[in-house]
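Breakdown of the fold
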Amino acid sequence: MGLQDDANVMRMFFGNRARPAAGRRLTRALALGLALSLSSTAVLAYADLVSDRIDLGLFDAEPAPVPGSLPRVAQRIATGEPLRIVAFGSSSTEGIGASTRAASYPARLEALLRRALPQLAGDILVENRGIGGEAVDEMLARLDRDVIKPAPDLVIWQTGSNDPLRGISLAHFRKATQAAVARIREADIDVVLMEPQWCPALDATPGADRFRDAVRDIGAELGVPVIRRSDLMRGWIAQSRLTRSELFAKDGLHMADGGYALLAEAAAAEVVRGADAVPDDAEQGPTVAE
């Protein structure tokens, strides 16, 4: 693909919603950054997340993304201030199954965002606060230490995988997750949720899909973006972007390097999309397009 083709893809990805002028400038800058930093086919992995107002004729419609759902991130980008992100979760965040820590999704996400947002001059940090095996209560026990106290601009919270495996009540999971999201937002921290993975171990666990659906429901109820990892993973296989051996680690539960690489691309796209709109009176920093 050429640059014009990449620009067309990014227009389809972000849609043609009416925006304030500041939001349009930010979107153009971010779109160009991603077009230059991601592979030309990367956006196709997210097509199942595109607004149902954009009919590509290839994927089932999904809920429309929420413009400006990450206002703190948008403000940081617009003013050129440092951007701090906490990747919070369990083994998929820690990077179990990856060949090295540098191959985990948080490390890859940091590198992608630095290339996509050169106006921040590399002042982007993604802190990995994943601990393998944790369910919702264990993550909440360290919420203050790992999320609230560090006061990042954004937390990407990967959750819902271990709870069905350990017999956690769905009602408890839902209530605890909703309360935690509310606490994070009250601390003026943006939130993106990441749903459980698609994998043989969860497929074989009765009711596991209800935890995935609960994460989606919480996102819809609270206006929080959700990275639909289960759908993305199925799509990567269906589109022959990865083989199963490239997607899954040998244990059949965790992701391998190939899966983490594409997951980082999905997370980067969600950060960019959530920062789509900024207030009209926001001070504008330098952008790629200007």
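The structure this text deals with has already been given above.
A brief structural summary.

Parameters at a glance
Residues numbered from 1 in each chain as written. Predicted model: local features only at pLDDT ≥ 70, side-chain atom pairs only at ≥ 80, totals over all residues. Heavy atoms only, no water. Helix = DSSP H or I, 4+ residues; strand = E, 2+ residues; numbered from the N terminus. Buried < 20%, exposed > 50% of the residue type's maximum accessible area, 1.4 Å probe, protein only. Areas by Shrake-Rupley, 256 points an atom, 1.4 Å probe, with all protein chains shown as cover. Pairing = 2+ DSSP bridges. Contact = heavy atoms within 4.5 Å. Axes fitted to C-alpha atoms, helices over the stretch in contact; angles between N-to-C directions. Polar contact = N/O pair within 3.5 Å; in protein donor to acceptor, adjacent residues only side chain to side chain. Core = buried A, V, L, I, M, F, W, Y, C linked by side-chain atoms within 4.5 Å.

Now for the overall build of the protein. In terms of helices and strands, the protein carries 14 helices and 5 strands. Per-residue burial over the protein gives 54% buried out of 290 residues. Carbon and sulfur atoms provide 52% of the accessible area of the protein, an area that totals close to 12000 Å².

Attention shifts here to the sheet that holds strand 2 (residues 124–130). Strands sit in the order 2-1-3-4-5 across an open sheet of 5 strands; the sheet is parallel. Edge strands, defined here as strands with exactly one partner in the open sheet, are strand 2 and strand 5 (226–227). On top of the sheet, helix 5 (residues 105–116) reaches strand 1 (83–89), strand 2, strand 3 (154–158) and strand 4 (190–194); it is set at about 170° to strand 2, its chief contact.

Right, let's get into the environment of R114. Among the secondary structure elements, R114 is positioned in helix 5. What makes R114 partly exposed here is its relative accessible area of 36%. Residues R114 and L83 lie 31 residues apart in sequence; the distance between their C-alpha atoms is 9.9 Å. Setting aside residues no more than four positions away along its own chain, R114 makes contact with G122 and I124. A polar contact of 3.2 Å, which involves the side chain of R114, links it to the backbone oxygen of G122.

It is worth spelling out the nonpolar core at this point. Nonpolar side chains in soluble globular proteins generally cluster together in the buried interior. In terms of nonpolar packing, the biggest core is built from 43 residues, with Y105, L109, I156, I227 and W236 touching the most fellow members. Sorting elements by how many residues they give to this core places helix 14 (residues 257–274) first, with 8 residues. Excluding anything up to four places from it in sequence, L109 contacts V126, I156, A264, A267 and A268.

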